[in-house]
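# Notes for the structure review
This is what each chain is made of:
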Amino acid sequence: MRAQADIIRLDKFIPEQIIECLEVAQQNQFSGKLIAAGGIHQENVKEYAATGVPALVTSSQYYAKPADIKVVLRPINERG
């Protein structure tokens, strides 16, 4: 029996390289997942998402400017 990785992390690949890796994985019937990581941030996340890779990993939330986010919690019976 031949072992195969469940996930391969593509670290600091540019979107074009990710697309190429996805094509190679499909051609070789790789049953695992390829995920993109490294260098992904708010300005380029759409480009990475457009590659079709199933997951993006980023630590940019630790380095980005703070965002003003509001959350309102209500009991289930008060939802409209």
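Reference entry: report on the structure contained in this document. For every chain, the first residue of the written sequence is number 1, and numbering continues from 1 along that sequence. Only residues with pLDDT of at least 70 are given local features in this predicted model, and only at 80 or more are side-chain atom pairs given and counted; all residues enter the totals for whole chains, interfaces and linings. Calculated side-chain values reflect all of the structure's heavy atoms, with hydrogen atoms and water omitted.

Attention shifts here to the environment of Gln26. By secondary structure assignment, the location of Gln26 is in helix 1 (residues 15-27). It is 43 Å that separates the C-alpha atoms of Gln26 and Val72, two residues lying 46 residues apart in sequence. Segments assigned H or I by DSSP are reported as helices when at least four residues long, segments assigned E as strands when at least two residues long, and all are numbered from the N terminus.

For each residue, the accessible area found with a 1.4 Å probe, counting protein chains only, is set against the maximum for its type, and the residue is called buried under 20%, exposed over 50%, and partly exposed in between. With four of five residues buried, strand 2 (residues 33-37) lies mostly within the body of the structure. When strand 1 (residues 7-11) meets strand 2, the two strands line up parallel, connected through five bridges. From the neighbouring strand, Ile8 faces strand 2, where its bridge partner is Leu34. Handedness of the β-α-β unit built from strand 1, helix 1 and strand 2 comes out right-handed. Strands are treated as partners if at least two bridges between them are detected by DSSP. As defined by bridge partners, strand 2 adjoins strand 3 (residues 55-57) across three bridges and the pair is classed as parallel. Of the residues in strand 3, the one forming a bridge with Ile35 is Ala55. Clockwise travel from the first strand over the helix to the second, with the strands pointing away from the viewer, marks a crossover as right-handed.

Our next topic: the sheet that holds strand 3. The sheet built from three strands is open, its strands ordered 1-2-3 with parallel pairing. The sheet is open, and its two borders are formed by strand 1 and strand 3, each paired with just one other strand. The sheet shows a mean angle of 30° between the axes of neighbouring strands, direction not considered. What makes two residues a contact is simply this: any of their non-hydrogen atoms within 4.5 Å. Fitted lines through C-alpha atoms serve as axes, helices being fitted only where they are in contact, and the angles separating the N-to-C directions of these axes extend from 0 to 180 degrees. With respect to the sheet, helix 1 is in contact with strand 1 and strand 2, its orientation differing from that of strand 2 by roughly 170°.

Looking now at the nonpolar core. In this structure, Leu10, Ile18, Ala25, Leu34, Ala36, Ile40, Tyr48 and Val53 together form the largest nonpolar core, which totals eight residues. When residues of this core are traced back to their parent elements, those giving at least two are helix 1 and strand 2. Apart from the residues within four sequence positions on either side, Ala36 is in contact with Leu10, Ile18, Tyr48, Val53, Ala55, Leu56 and Val57. What makes a nonpolar core is a set of buried Ala, Val, Leu, Ile, Met, Phe, Trp, Tyr and Cys residues whose side-chain atoms join them at distances within 4.5 Å.

The volume enclosed by the largest pocket comes to roughly 220 Å³. Here a cavity denotes a set of grid points, spaced 1 Å apart and computed over the protein atoms alone, in which a 1.4 Å probe fits but from which it cannot get out, and a pocket denotes an open set meeting protein on both sides within 12 Å along at least five of seven lines; residues with an atom within 4 Å of a point are reported as lining. Together, Ile40, His41, Gln42, Glu43, Val45, Thr58, Ser60, Gln61, Tyr63, Ala64 and Lys65 line the largest pocket. Gly is put with the polar residues, along with every residue not named as nonpolar or charged; the nonpolar set is Ala, Val, Leu, Ile, Met, Phe, Trp, Tyr, Cys and Pro, and the charged set is Asp, Glu, Lys and Arg. In terms of residue class, the lining of the largest pocket is built from four nonpolar, five polar and two charged. Grid points are joined across faces, edges and corners, and a volume is the space filled by probe spheres set on the points.

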